[in-house]
Amino acid sequence: MLNSQPALATALNHRSIRKFKEQPIEKEVFDSIIAAGQMASTSSFLQNVSIIRVSDKAKRTQIRHICANAYQGKLGHHYVENCAEFLVFCADTARHLHFAPDAQIDWTEVLLTGAVDVGIMAQNVLLAAESLGLGGVFIGSLRNGMAELSELLGLPHGVVPIVGMCLGYPDHDPGQRPRLPADVIVSENTYRPAADTDLQAYNETVREYYKNRSNIDLDWATQIRNNLCTEIRPEVLPFVQSKGFAKK
Ligand SMILES: Cc1cc2nc3c(=O)[nH]c(=O)nc-3n(C[C@H](O)[C@H](O)[C@H](O)COP(=O)(O)O)c2cc1C
């Protein structure tokens, strides 16, 4: 068993890493990280997640271009190409269809189940990686081109890509992003809407964070508007439907 940091300390130290050393991840370390993912809880023991390890440089470049659609064509996400390992986590019902060709994967619940399981497994992978001194970042931007990515990775019917992950040895320390206070996100027994004063205070905390980190004037409310007050990946529904999901 490899030496690792305790789970709580690792989780509390999280920050997304987007700049990596050239150093590869040792096989034993990589295998341990994947083993941690394998042991993640899974809905109804369905084990409906597959991981595609993308080692092919040309495919990495194509995935980086797929991600770029998020920035109106601006090619960011250099870390998709430069990280030691790039993983794509897929919601996968192909093994279930193998045993039960009449499995009703078209219920929206099945896709939700797969997406939840992906998140749980992927977070296990990232936490294990961080506990071993690696860093990483989730890549949701690959959903800017789910059909193209699906083609690139040869995903069959019943399998859709949900999120990617860059992993490697960190080559920067971006610091931690301040989170909403526990008091705002945790209620007891009955949902408690956040107070405007608490939200405004947090908005200022985020503004301060961006000012200190990048000398830019950006607050959380603006980020929300930038992300949610626009058309959001309209091709997702027809794509997942083309793979057999979310028809009812
Ligand atoms: C599902 C998911 C998708 C994400 N997609 C991207 C992405 O495409 N590109 C990126 O640079 N960061 C991505 N992130 C990282 C978030 O931006 C980051 O977790 C968030 O800003 C909080 O920062 P922290 O992880 O450093 O605490 C993603 C995170 C999650 C959970």
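Residues numbered from 1 in each chain as written. Predicted model: local features only at pLDDT ≥ 70, side-chain atom pairs only at ≥ 80, totals over all residues.

Draft legend 1. Spatial organisation of the overall build of the protein. For the protein, the helix and strand inventory stands at eleven helices and four strands. Rg of the C-alpha trace for the protein: 19 Å, near the compact-globule value of 18 Å for 248 residues, within the 12% margin. In terms of principal-axis extent, the alpha carbons of the protein reach across some 55 × 45 × 40 Å. Relative to its 248 residues, the protein shows a buried fraction of 29%. In the protein, the proportion of contacts linking residues at least 24 apart, taken out of those at least 6 apart, comes to 78%. (Helix = DSSP H or I, 4+ residues; strand = E, 2+ residues; numbered from the N terminus. Rg over C-alpha atoms; globule rule 2.2 N^0.38 Å. Buried ≥ 20, exposed ≤ 12 C-beta atoms within 10 Å, placed from the backbone. Contact = placed C-beta atoms within 7 Å.)

Draft legend 2. Local environment of unusual backbone geometry. Although it is not a glycine, Q47 adopts a positive phi angle of roughly 50 degrees. You can see Q47 is positioned in the loop between helix 2 (27-38) and strand 1 (49-53). Backbone geometry at N215 places phi at a positive 55 degrees, although glycine is not the residue there. In this structure, N215 sits in the loop between helix 9 (196-214) and helix 10 (220-228).

Draft legend 3. Looking closely at the environment of K248. Secondary-structure assignment places K248 in the segment after helix 11 (236-242). Taking the number of C-beta atoms within 10 Å as the measure of exposure, K248 has 7 and is therefore exposed. Residues K248 and G135 lie 113 residues apart in sequence; the distance between their C-alpha atoms is 39 Å.

Draft legend 4. Layout of the domain arrangement of the protein. According to the domain assignment, the protein consists of domain 1 (7-175 + 234-242) and domain 2 (177-217). Using C-alpha coordinates to define each centre, domain 1 is positioned 28 Å away from domain 2. (Domains from an automatic or database assignment.)

Draft legend 5. The sheet that holds strand 4 (residues 159-168), seen in detail. Taken in spatial order, the four strands of this open sheet run 1-2-4-3, and their pairing is antiparallel. Of all strands in the sheet, those with a lone pairing partner are strand 1 and strand 3 (135-139), marking the two edges. On average, each strand axis in the sheet is inclined to that of its neighbour by 25 degrees, with strand direction left out of account. Sheet analysis places strand 3 next to strand 4, joined by five bridges and oriented antiparallel. (Pairing = 2+ DSSP bridges. Axes fitted to C-alpha atoms, helices over the stretch in contact; angles between N-to-C directions.)

Draft legend 6. Examining helix 6 (residues 108-131) more closely. Counted at 1.5 Å a residue, the expected span for helix 6 with its 24 residues is 34 Å, and the 35 Å between its end C-alpha atoms agrees. Backbone geometry just downstream of helix 6 places G133 in the positive-phi region, at approximately 90 degrees. (Expected span 1.5 Å × (residues − 1).)

Draft legend 7. Structural view of the nonpolar core. With 49 residues, the main nonpolar core has F89, C90, V125, V160, M165 and C166 as its most contacted residues. For this core, the leading source of residues is helix 6, giving ten residues. Residue contacts for V125: discarding those within four places in its chain leaves I33, A36, G37 and M165. (Core = buried A, V, L, I, M, F, W, Y, C linked by C-beta atoms within 7 Å.)

Draft legend 8. Fine view of the pairing of strand 2 (residues 85-92). For strand 2, a buried count of eight out of eight residues is recorded, marking the element as mostly surrounded by other parts of the structure. Of the two faces of strand 2, the one carrying E85, L87, F89 and A91 and the one carrying F86, V88, C90 and D92 are both buried. Here strand 1 pairs with strand 2 via five bridges, running antiparallel. Looking at the pairing, S50 lines up with C90 of strand 2. Bridging between strand 2 and strand 4 involves eight bridges; their strand directions are antiparallel. Residue pairing for strand 4: L87 is matched across the bridge by M165.

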